[in-house]
Amino acid sequence: EVQLVESGGGLVQAGGSLRLSCAASGFTFDRYIIGWFRQAPGKEREGVACISISDGRSDYRDSVKGRFTITRNNAKNTVYLQMDSLKPEDTAVYFCTGGRWLAQYFVEYWGQGTQVTVSS
């Protein structure tokens, strides 16, 4: 069974930090591009960041550049999202994903999400 299990969410004040983790199983982790999406109440789901299979290349949506860092540990089948300088608008459920790059990122696997709440 394919699983992506997120952890590390919580409540933090604006300007604070959180580190999300995503533990993967049931698929060949080191052959997939791993990403993070988020969805805030009443808003559409949006991509946050993604990371390449092995060379550490990553990409971020503009609103989190310089504040968020995505990393992966293929030996542990785990991906991380370090979130610094958090803002209230970062409040959302954060989802870990596995996918492939075919001119764009196509998600094949979704986690169930972890809640991040940033107070003002």
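Attention in this report is confined to the structure presented alongside it.

Calculation notes
- Residue numbers run consecutively from 1 along every chain, following the written order of its sequence.
- Totals for whole chains, interfaces and linings use every residue, but because this is a predicted model, local features are given only for residues with pLDDT of at least 70 and side-chain atom pairs only at 80 or more, for both listing and counting.
- Derived side-chain values reflect all non-hydrogen atoms in the structure, with water molecules and hydrogen atoms excluded from consideration.
- In this description, a disulfide is simply a cysteine sulfur pair whose atoms lie within 2.5 Å.
- Under the scheme used here, helices are H or I runs from DSSP no shorter than 4 residues and strands are E runs no shorter than 2 residues, and both carry numbers assigned from the N terminus.
- Exposure classes here rest on a 1.4 Å probe applied to the protein chains alone. A residue is buried below 20% of its type maximum, exposed above 50%, and partly exposed in between.
- Each Phe, Tyr or Trp ring (for Trp, its six-membered ring) is paired with any other whose centre lies within 6.5 Å, and the angle between the two planes then decides the class: stacked below 30 degrees, edge-to-face above 60, tilted in between.
- Only when the NZ atom of a Lys or the CZ atom of an Arg is both within 6 Å of the ring centre and within 35 degrees of the ring normal do we say a charge sits over the ring.
- Only when DSSP finds a minimum of two bridges between them are two strands counted as paired.
- In this text, buried Ala, Val, Leu, Ile, Met, Phe, Trp, Tyr and Cys residues form a nonpolar core when linked through side-chain atoms within 4.5 Å.

The next point concerns the state of the cysteines. Here, disulfide denotes a covalent bond that connects the sulfur atoms of two cysteines. One pass over the structure, following the stated rule, counts one disulfide. Residue pairing for Cys22: its cysteine sulfur links by disulfide to Cys96, the two sulfurs lying 2.1 Å apart. Across the S-S bond linking Cys22 and Cys96, the dihedral sits near -85 degrees, which makes this disulfide left-handed. Within this pair, whereas Cys22 is found in strand β3 (residues 18-25), its partner Cys96 is found in strand β9 (residues 92-101), the two being separated by 74 residues in sequence. When sorted by exposure, Cys22 lands in the same class as Cys96, which is buried.

A few words now on the packing of aromatic side chains. A complete count under the given rule lists seven aromatic pairs for this structure. Their ring planes at 50 degrees and their centres at 6.4 Å tell us that Phe27 and Phe29 sit as a pair that is tilted. We note that Phe27, like Phe29, is buried. With centroids separated by 6.2 Å and ring planes inclined at 85 degrees, the aromatic side chains of Phe95 and Trp110 adopt a geometry described as edge-to-face. One end of the pair, Phe95, is in strand β9; the other, Trp110, is in strand β10 (residues 105-110), and 15 residues separate them in sequence. The exposure class of Phe95 is buried, given its relative accessible area of 15%. Taken together, the ring pairs connect Phe27, Phe29, Tyr32 and Tyr109 into an aromatic cluster. If you follow Arg72 out to its NZ or CZ, it ends over the ring of Phe29, 4.5 Å from the centre.

Sheet topology note: the strand β4 (residues 33-39)/strand β5 (residues 46-51) ladder contains five bridges and is antiparallel. Among the inter-strand pairings, Phe37 is bridged to a residue of β5, identified as Gly47. Connecting β4 to the antiparallel partner β5 that follows it, the hairpin turn spans six residues, and Gly42 within it adopts a positive phi of roughly 75 degrees. For β5 and strand β6 (residues 58-60), the ladder comprises three bridges, and the chain directions are antiparallel. Its bridge partner being in β6, Ile51 is matched across the sheet by Ser58. In textbook terms, the turn of a hairpin is the stretch between consecutive antiparallel strands, and for β5 and β6 this stretch comprises six residues, one of which, Gly56, has a positive phi near 80 degrees.

Below, the discussion takes up the nonpolar core. Inside soluble globular proteins, nonpolar side chains tend to come together where they are buried. In this structure, Trp36, Phe68, Val79, Leu81, Met83 and Tyr94 are the most contacted members of the largest nonpolar core, which totals 28 residues. If you tally residues by element for this core, the top one is β3, at four residues.

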